[in-house]
Amino acid sequence: MALFFFANILPELATILETSPASYWRHIVNAASTFANLTLAPLFWLYVRGLTSEDKVNWRRQDYAHFTPALLGLITFVLVTVMPNEERLGLFSSERDRNSMWQTLLFLLLVGLYIVTNIQACCYIIATSRRLVKYRTRLMDLFASTAHLELRWISSLILLLMVYGLFILSFMLIKLFSDISISDEPLASILNMILIWTIALWGLRQQPELAEEIAQIDKSSNTSAKYEKSALSDDHIDRIASKIESAMQSEALYRDPDLSLRLLSDQINVMPNYVSQALNSKLGQTFFDYINGWRVKEAMKLLTESDDTVINISLAAGFNSRSSFYTAFKKITGKTPSAYRQSHTHI
């Protein structure tokens, strides 16, 4: 994340120097920003992967491949840097005609890298979105409350990036195919500032919760935390399922808003991967759906037997947010809590 913020400085510095009379440094920074832009998407991808990974090792040898386009950008930056100043001025001139083949080749390379930057951004947006879906599915195997872990801010950021990209593209098309004189810089700068501050305020406070939880599971069970098909017999699975049901009925463990697969396994003295297997094969549910099913049953009872507020009932049943309570309740009953209470009050 620190590298991401550092790389973002160069494009902004190039914008600041656009009106600077020091043309040498302006064009050097402009070339450097081409290289920096090619590192932004891979760096953010690696950050997201670190947050959503099940292990703490966040760098692999093959990860160098993510920076292949950036390497081309770096080579281009070096070539632009060693060019004579007059040729460099011609390279960045608004005139279409270049004075030499060298200038033309470098200009085309810069244009190509700009196109690659946009294609790269689209690819990483798709990859990040797919990873978040898998990550949230995995969370449901381990946690009963996932709202605070789902990294929804990254999804919002992706949406904002798409709006930003469409905005820039629309202005480019207007400039290319019309005589309208319009500046996109003020609004583009505002959108970019929102993007950076969103990442700064939310990104720097995130922790790799999934990796931490997996590490704790490994520590408590001395086995692989990844789902493995063991040699559990049907009778063994039935016994584990009965222990789970008994813990829910007698101890109401579902009322704990921080309940996790690991905490439940510790409570019933069964390894986490066996608990997960029993839930999936015997009860046909993820840990998340199973626990929230119990919570909704508790909420249904309280809604018909008490006059307490809906939010207090949701907290008493184990939910830690209003949105997660309403989502789970409507998924199971087909009604909102208020509508359910009203329909049963008239009976």
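Everything here concerns the structure above.
Summarised in this report is the structure supplied together with it. Please read all numbers here as calculations on a predicted model, not as lab measurements.

1. Describing the packing of helix 5 (residues 101-142) against helix 12 (residues 287-305)
Two elements in contact, helix 5 and helix 12, have axes separated by 5 Å at closest approach and are oriented at 55°. Relative to helix 12, the element helix 5 lies oblique. Mapping the contact onto sequence places Met140, Asp141 and Leu142 in helix 5 and Phe287, Phe288 and Asp289 in helix 12. Partitioning the contact of helix 5 with helix 12 into residue classes produces four nonpolar, no polar and two charged.

2. Brief notes about the nonpolar core
Counting 57 residues, the largest nonpolar core has Phe44, Ile154, Ile244 and Leu264 as the members making the most contacts within it. For this core, the element with the highest residue contribution is helix 2 (residues 23-52), accounting for eleven residues. Those residues in contact with Ile154 that lie beyond four places of it in its chain are Phe44, Val48, Leu51, Thr128 and Leu132. Val296, Ala317, Phe319 and Phe325 belong to the second largest nonpolar core, which has eleven residues in total.

3. Notes on the side chain of Glu298
Considering the arrangement of structural elements, one finds Glu298 in helix 12. A relative accessible area of 12% means that Glu298 is categorised as buried. Side-chain polar atoms of Glu298 contact the side chain of Arg255, separated by 2.9 Å. If near-sequence neighbours (up to four positions away) are discounted, Glu298 is found in contact with Tyr254, Arg255 and Ala317.

4. Some remarks on helix 10 (residues 261-268)
Burial in helix 10 covers these residues: Leu261, Arg262, Leu264, Ser265 and Ile268. Down the axis of helix 10, the smallest arc covering the buried residues is 165°, so these residues share one side. One or two steps after helix 10, the chain reaches Asn269, where phi turns positive at roughly 60°.

5. Observations regarding the side chain of Arg341
With respect to the element layout, Arg341 can be found in helix 15 (residues 337-345). Despite its burial, Arg341 pairs with no opposite charge, the nearest such side chain being Asp307 at 5.7 Å. Dropping the residues within four chain positions of it, Arg341 is found in contact with Leu302, Leu303, Ser306, Asp307, Asp308, Val310 and Ile313.

6. Thoughts on the packing of helix 9 (residues 234-251) against helix 12
Two numbers describe how helix 9 lies on helix 12: the axes approach to 11 Å, and their chain directions differ by 30°. Taken as axis vectors, helix 9 and helix 12 run roughly parallel relative to one another. Crossing angle aside, the handedness with which helix 9 passes helix 12 is right-handed. On the side of helix 9, the interface is formed by Ile244, Glu245, Met248 and Gln249, while helix 12 contributes Tyr290, Ile291 and Trp294. Here the residues of the contact of helix 9 with helix 12 are counted per class, giving five nonpolar, one polar and one charged.

7. Quick notes on the pattern of salt bridges
A full pass over the atoms with the stated rule returns eight salt bridges. One salt bridge in this structure joins Arg138 and Asp141, with 3.8 Å as the shortest N-O distance. In this pair, Arg138 and Asp141 both sit in helix 5, three residues apart, roughly one turn of the helix. We classify Arg138 as buried; its relative accessible area is 14%. Using a relative accessible area of 18% as the deciding quantity, one classes Asp141 as buried.

8. Considering the state of the cysteines
Inspection of every chain in the model, using the stated rule, returns zero disulfides. Cys122 carries a free sulfur, and the closest cysteine sulfur to it, the one in Cys123, is 6.9 Å from it. Classification of Cys122 as partly exposed rests on a relative accessible area of 47%.

The rules behind the values
Residues numbered from 1 in each chain as written. Predicted model: local features only at pLDDT ≥ 70, side-chain atom pairs only at ≥ 80, totals over all residues. Heavy atoms only, no water. Axes fitted to C-alpha atoms, helices over the stretch in contact; angles between N-to-C directions. Helix = DSSP H or I, 4+ residues; strand = E, 2+ residues; numbered from the N terminus. Parallel < 35°, antiparallel > 145°, perpendicular 65-115°, else oblique. Contact = heavy atoms within 4.5 Å. Nonpolar A, V, L, I, M, F, W, Y, C, P; charged D, E, K, R; others polar. Core = buried A, V, L, I, M, F, W, Y, C linked by side-chain atoms within 4.5 Å. Buried < 20%, exposed > 50% of the residue type's maximum accessible area, 1.4 Å probe, protein only. Polar contact = N/O pair within 3.5 Å; in protein donor to acceptor, adjacent residues only side chain to side chain. Arc of directions from axis to C-beta. Lys, Arg positive; Asp, Glu negative; His and termini not counted. Salt bridge = Lys/Arg side-chain N within 4 Å of Asp/Glu carboxyl O. Left-handed = near helix turned anticlockwise from the far one by under 90°. Disulfide = S-S within 2.5 Å.

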